[in-house]
Amino acid sequence: MEQMKQELENRIAIYALISRLMLVEVDETFLKQIESDADLLALFPNYKSWDKRKELSMAELTTEHYNVDFTNLFLMHLVPYESFYRRDDQMIESGGDNPVLELYNELDFRVELDKARIISADHIGVELEFMYMLCMALQKAVEADDMEGICELLQVQRAFLKDHLLEWTPLFLINAKRESRTPLYHDGAELTLEFLLSDFEYVTTQLETHCQDAAIQSSEDVVN
């Protein structure tokens, strides 16, 4: 369980990082967080070696490059919403019929659409933030040695990754990586995709190791 605690801290840190990167424009506080942590910076190899980081101030990089790239990727040229990829008519489901919204409500996860400047709760940044919230809840269950709670949360996490995030984000992230104009978002898209795939395998392994008596299939009924 001690190993799970350390791994959980890493998962929380990564979900916090990528959800923030995908949800709103970066600022100097966010960039300094990456640059002050060698482990985080290593996750952005092209960004780390980018010559413009040495030539321009952080403020100039933010306004002239990063925020322009964010607008290009998330507001103009690509569509970062699950329903666009899952519906036959490619419409964004912004109403109460969105299946992720029902799940959010069941688990008391509230989305402030206006604050985040998004039009639907199935935005990639929000879905990643939901996984962050689930990891925080799992951390509390681990600290309380609540095996029933641990298994239930692992089941929900696996189902959400399988039935939602991994159903559509690979295509979006591959396109984002290709369309990105800065190493920050190029590396961020690649990191997010690789992490989601590995995290699904990790959660599946944890369920098999610690929750053999719990049926993984039953978790999918919670999400569907």
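Quick notes on the rules
Residues numbered from 1 in each chain as written. Predicted model: local features only at pLDDT ≥ 70, side-chain atom pairs only at ≥ 80, totals over all residues. Heavy atoms only, no water. Helix = DSSP H or I, 4+ residues; strand = E, 2+ residues; numbered from the N terminus. Rg over C-alpha atoms; globule rule 2.2 N^0.38 Å. Buried < 20%, exposed > 50% of the residue type's maximum accessible area, 1.4 Å probe, protein only. Contact = heavy atoms within 4.5 Å. Areas by Shrake-Rupley, 256 points an atom, 1.4 Å probe, with all protein chains shown as cover. Axes fitted to C-alpha atoms, helices over the stretch in contact; angles between N-to-C directions. Parallel < 35°, antiparallel > 145°, perpendicular 65-115°, else oblique. Left-handed = near helix turned anticlockwise from the far one by under 90°. Nonpolar A, V, L, I, M, F, W, Y, C, P; charged D, E, K, R; others polar.

A. Representation of the overall build of the protein. If you tally the helices and strands in the protein, you get 13 helices and zero strands. In the protein, the succession of helices and strands from N to C terminus is α-α-α-α-α-α-α-α-α-α-α-α-α. Its C-alpha atoms give the protein a radius of gyration of 18 Å, near enough to 17 Å, the size a compact globule of 224 residues would have. Each principal axis of the C-alpha distribution contributes one length, and for the protein these read about 55 × 45 × 25 Å. When burial is assessed residue by residue, the protein has 47% of its 224 residues classed as buried. Across the protein, every contact between residues at least 6 apart in sequence was considered, and the portion connecting residues at least 24 apart equals 72%. Of the roughly 11,200 Å² of accessible surface on the protein, 48% is carried by carbon and sulfur atoms.

B. The arrangement of the packing of helix α11 (residues 147-179) against helix α12 (residues 183-210) in detail. Between α11 and α12, whose axes approach to 9 Å, the crossing angle comes to 155°. The orientation of α11 relative to α12 falls into the category roughly antiparallel. Along this stretch, α11 crosses α12, giving a crossing that reads as left-handed. A per-class count over the contact of α11 with α12 returns 17 nonpolar, eight polar and five charged.

C. Quick peek at the environment of Leu 8. Relative to the elements of secondary structure, Leu 8 occurs in helix α1 (residues 2-23). Put simply, Leu 8 and Thr 204 are 196 residues apart on the chain and 14 Å apart in space, counted from C-alpha to C-alpha. Once you skip the residues sitting within four places of it in the chain, Leu 8 turns out to touch Cys 135, Leu 138, Gln 139 and Val 142.

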